[in-house]
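Read off the chains here:
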Amino acid sequence: MNLFSDPRWSEAVAHLPDYLGNHVRVSVTALALGLAVSLPLAIIARNRAVLRGALLGLASIVQTVPGLALLALFYPLLLALAALSLSWFGFGFSAFGFLPAVLALALYSMLPVLRNTITGLQGVDAAILEAAQGVGMTPQQSLFTVELPLALPVMMAGIRTAAVWVIGTATLSTPIGQTSLGNYIFAGLQTQNWVFVLFGCLAAAVLALAVDQLLALIENGLRNRSRIRAAIGGVGIAALVAATLVPTMSRSASSYIVGAKTFTEQYVLSALIAQRLQAAGLSASSREGLGSNVIFDALVSGDIDVYVDYSGTLWANQFHHSDIKPREVLLAELKATLARQNITLLGELGFENAYALVMPRRRAEQLGIRSIADLASRAPSMSIAADYEFFSRPEWAGIKQAYGLPFRTQRQMQPDFMYAAVASGEVDVIAGYTSDGLIAKYDLVVLEDPRHAIPPYDAIMLIAPKRASDSVLREALQPLLGRINIAAMREANLRAAGGDGASSPDAVARWLWDKIGKR
Amino acid sequence: MPAPPLIGYTHVGKTFDGGRDAARVVAVDDVSLDVAEGEFLAIVGGSGSGKTTLLRLANRLIEADGGSITVEGEDVRNVDPILLRRRIGYVFQSGGLFPHISVAGNIGVTPKLLGWPAAEVATRVDELLDLVRLDGAQYRDRLPHELSGGQRQRVGVARALAAKPRIVLMDEPFGALDPLTRDALGDDFRDLHRKLGLTTVMITHDMTEAILLADRVAVMRGGKLLAQGTPAELTGSSDAYVGELLRTPRRQAERLGALLPRDGAA
Ligand SMILES: Nc1ncnc2c1ncn2[C@@H]1O[C@H](COP(=O)(O)OP(=O)(O)OP(=O)(O)O)[C@@H](O)[C@H]1O
Ligand SMILES: [Mg+2]
């Protein structure tokens, strides 16, 4: 099969105007802001050794912070600022998406611009500076007609470096809610859609190269006093920005935004919700790959309208409860807590994505094991594997307290490998996720938890405060409630992890709707 | 009563910080010197004797820390240094042309700063290119690095003259040139000086050049003004260094006379 006849290429191309447009806008804004701050700072600092050292030091420190962390740090910072501004001045702003991405990226662009501008200005021959003074220039005239033009090549090299860095790092702004070419990469990595990963990387690289070359053209034009070349470069950049603004501007602003976290199931469910909204005549789009700490706040502030979370996650991570309650009680309390923030818990989808102890069905039947309690007497001769955090989570402490389970060995593994390891007998039991498609694929069985040691993780649909009284939205989503059983979700997840055209979240979501809609 | 000097130094001193731990350098030490209107003064002296420093004090590229300096009768401390520099032509020791600006742009820089209309600047540039004997059509739009060393120095002189200054300060304007060009350029400038009624102060290492071009010669050594006067007056100086300086050209000429056949004929 031809590599490019894969339908995922055309799906990727269909997303391009949106992803590329957002990517260019956030990068260009960040770069412009970075330049607007760095250039004057560099000019002020060039003859002040202390300030110069402090600035370059600070910018270097910023540069050592990994891009992903820098972007992630700006989110809570802005959230706090927004809250302050709301209580002091009576207006808030969105700490989600564009703003934190622009600020973090602008900060990221500063080092090369600062360093090269200062180096470039300091590199101007002292004899030339003296001549500028000698012919009667004011310090300003000397700066603008002599020093800056002479430093321009070095400065432009810094600006080009900054542009390439910003465009590359902007792919990491997806988890804080800024749509970018990173959407391809994050979604592709999660759903094993290598076409998307490749497409995203290529698009970002081509964009970076194009901007770099346009800037080179401007630089070349300025240096050789060729107005034409400088103009072509300038027009090129302007055209790029304009071209990316047009398609996104024309989109209706009133569309519903469906959030999704960074794993496969979430991509499928957000696609499913978006499809249901579109079927009801509403315009809807997905905002995918959001960090799980970001997505709830994004709902609170109305940056997204609806998404699927899990009861136990909210209970423990968002509301910091450490006790485990029976599922109905927990859901009811959660619903009441959420209602106080004017968030609607519309209902459960019908399945759980919880931690669970899992083993091969045949082995379990041979040994007569149906529940975790049955496992207790066998544990001393068995081994267990789990992901990197499970053994330090409250779930594991709860299980041990309720059942004992003195396993012979405990191993930590990459989640993708756990299922194969238990299926092949390399380990006897794993702590898996109940909705994982690999459970069906490897014919594994989830052991029951008769003492309710593991908190419930019901998939629940949440609606933003600003849509609280939106009956059209509720009606469009109603058909999904209670309809997705664990078997259907597992199969959907398994399909979405497949490596072919039918495995895109959209395709899987359509399949899932066919399956549950018919009942 | 004689006319007041166009440039007057009275007990001028300048000391530089020698850097981190070096001793302070007395670059100009209690110098009193007058330059009359229309005069061509040459300053000679060894390297580091304070010639450049003395020249720069006049247009406030360097501020004096003792004594007083007048230009056209005014104490320079009371004059805006930017405006002062725009009315004094200055030729830099190293040329000092702006490498990113064309020959025309370099020459026209001060008139432009003074707000002359563009057309007038352009006419003036062509005049000056003529004056320093550079073909305008050929050189006007070149960048400095596209010129020979001698052509660059001509442009440096043209730039100094562009805004029609009454005073021109020149720091080794003809250094680093082959002897023929140097000679020609020196003579050319001497003519310009007379034709335009300039007051010129020129620094040179070369005593012969100083004697041939200047009305008067000032001799600097270790920041001090050792002697000043016409070449004839200087020959009577009792100072050994001044005497040695003045004897050098003659001795060279005599040796050359002995070595070279007369009239260049073999
Ligand atoms: N900006 C400065 N800072 C410190 N010292 C200086 C500075 N400018 C000049 N000097 C010192 O002052 C002294 C006189 O320097 P100046 O440039 O006037 O000499 P000069 O006679 O022009 O020499 P040359 O013939 O080599 O050009 C020298 O010892 C020099 O090192
Ligand atoms: Mg000198």
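Structural data are supplied above this passage.
## Brief notes about the overall build of chain A
Within chain A, the regular secondary structure consists of 21 helices and 10 strands. By principal-axis analysis of the C-alpha atoms, chain A measures approximately 100 × 60 × 50 Å. Taken over 519 residues, chain A has a buried fraction of 51%. Here the contacts in chain A between residues at least 6 apart in sequence split such that 75% fall between residues at least 24 apart. Accessible surface for chain A amounts to roughly 22,800 Å². Of this, 61% is attributable to carbon and sulfur atoms. Across chain A, the centroid of the 40 positively charged side chains sits 3 Å from that of the 38 negatively charged ones.

## What to know about the coordination of the magnesium ion (ligand 2)
Only Thr52 of chain B (OG1) and Gln93 of chain B (OE1) from the protein reach the magnesium ion (ligand 2) as donors, at distances of 1.9 to 2.7 Å. Here threonine 52 of chain B, found in helix H1 (residues 51-58), pairs with glutamine 93 of chain B, found in the loop between strand E6 (88-91) and helix H3 (103-107); they are 41 residues apart in sequence, far enough to count as distant.

## Topic: the pairing of strand E7 (residues 167-171) of chain B
Residue and element names in this part refer to chain B. By the criterion of burial, E7 is predominantly enclosed, with five of the five residues buried. Side chains Ile167, Leu169 and Asp171 project from E7 onto one buried face, and the interleaved Val168 and Met170 project onto a second face that is buried too. Here E6 runs beside E7; their pairing, made up of four bridges, is parallel. Residue valine 91 lies in a different strand from E7, and its bridge partner there is methionine 170. Both E7 and strand E8 (residues 199-203) contribute to a ladder of five bridges, which runs parallel. Bridge pairing in E8 links isoleucine 167 to threonine 199.

## Here we look at the pattern of salt bridges
In the structure shown here, the tally under the stated rule is 35 salt bridges over all chains. Among the ionic pairs, glutamate 333 of chain A bridges to lysine 325 of chain A, the shortest N-O distance being 3.0 Å. Of the charged contacts, one joins arginine 182 of chain B and glutamate 209 of chain B as a salt bridge, the two residues approaching to 2.9 Å between their closest N and O atoms. Linking arginine 182 of chain B in helix H8 (residues 179-196) with glutamate 209 of chain B in helix H9 (residues 207-213), this pair joins segments that are 27 residues apart in sequence. A residue is classified by how much of its surface remains accessible, and glutamate 209 of chain B, at 9% relative accessible area, is buried.

## Quick notes on the sheet that holds E6 of chain B
Two orientations exist for strands paired in a sheet by backbone hydrogen bonds: parallel and antiparallel. All names here are of chain B. In space, the six strands of this open sheet follow the order E6-E7-E8-E3-E9-E10, with mixed pairing throughout. The open sheet has two edge strands with one neighbour each: E6 and strand E10 (224-229). Averaged over neighbouring strand pairs, the angle between their axes works out to 15° when direction is ignored. In this structure, strand E9 (residues 216-221) lies alongside E10, joined through five bridges in antiparallel fashion. Pairing of methionine 220 across the sheet is with leucine 225, part of E10.

## Overview of helix H7 (residues 182-190) of chain A
For an α-helix the count is 3.6 residues per turn, leaving residues at separations of three or four pointing the same way. Residues and elements named next belong to chain A. Counting buried positions along H7 gives seven out of nine residues, so the element sits mostly inside the fold. Residues of H7 that are buried: Gly182, Asn183, Tyr184, Ile185, Phe186, Ala187 and Gly188. Contacts from the buried residues of H7 go to helix H1 (7-45), helix H3 (67-89), helix H8 (194-223) and helix H10 (264-279). Phi turns positive, to about 55°, at glutamine 192, one or two residues after H7.

## Side note on the environment of tyrosine 139 of chain B
Residues and elements named next belong to chain B. Summarising the element assignment, tyrosine 139 is placed in helix H6 (residues 136-139). Those residues in contact with tyrosine 139 that lie beyond four places of it in its chain are Val103, Leu134, Leu147 and Gln151. Within the local environment of tyrosine 139, its side chain forms a polar contact with the side chain of glutamine 151, the two groups lying 2.9 Å apart.

Reading the values: rules and limits
Residues numbered from 1 in each chain as written. Chains lettered and ligands numbered in written order. Predicted model: local features only at pLDDT ≥ 70, side-chain atom pairs only at ≥ 80, totals over all residues. Heavy atoms only, no water. Helix = DSSP H or I, 4+ residues; strand = E, 2+ residues; numbered from the N terminus. Buried < 20%, exposed > 50% of the residue type's maximum accessible area, 1.4 Å probe, protein only. Contact = heavy atoms within 4.5 Å. Areas by Shrake-Rupley, 256 points an atom, 1.4 Å probe, with all protein chains shown as cover. Lys, Arg positive; Asp, Glu negative; His and termini not counted. Charge placed at Lys NZ, Arg CZ, Asp CG, Glu CD. Donors = N, O, S within 2.8 Å, 3.2 Å for Na, K, Ca; no water. Pairing = 2+ DSSP bridges. Salt bridge = Lys/Arg side-chain N within 4 Å of Asp/Glu carboxyl O. Axes fitted to C-alpha atoms, helices over the stretch in contact; angles between N-to-C directions. Polar contact = N/O pair within 3.5 Å; in protein donor to acceptor, adjacent residues only side chain to side chain.

Without other data, these values stay purely geometric and don't point to any function.
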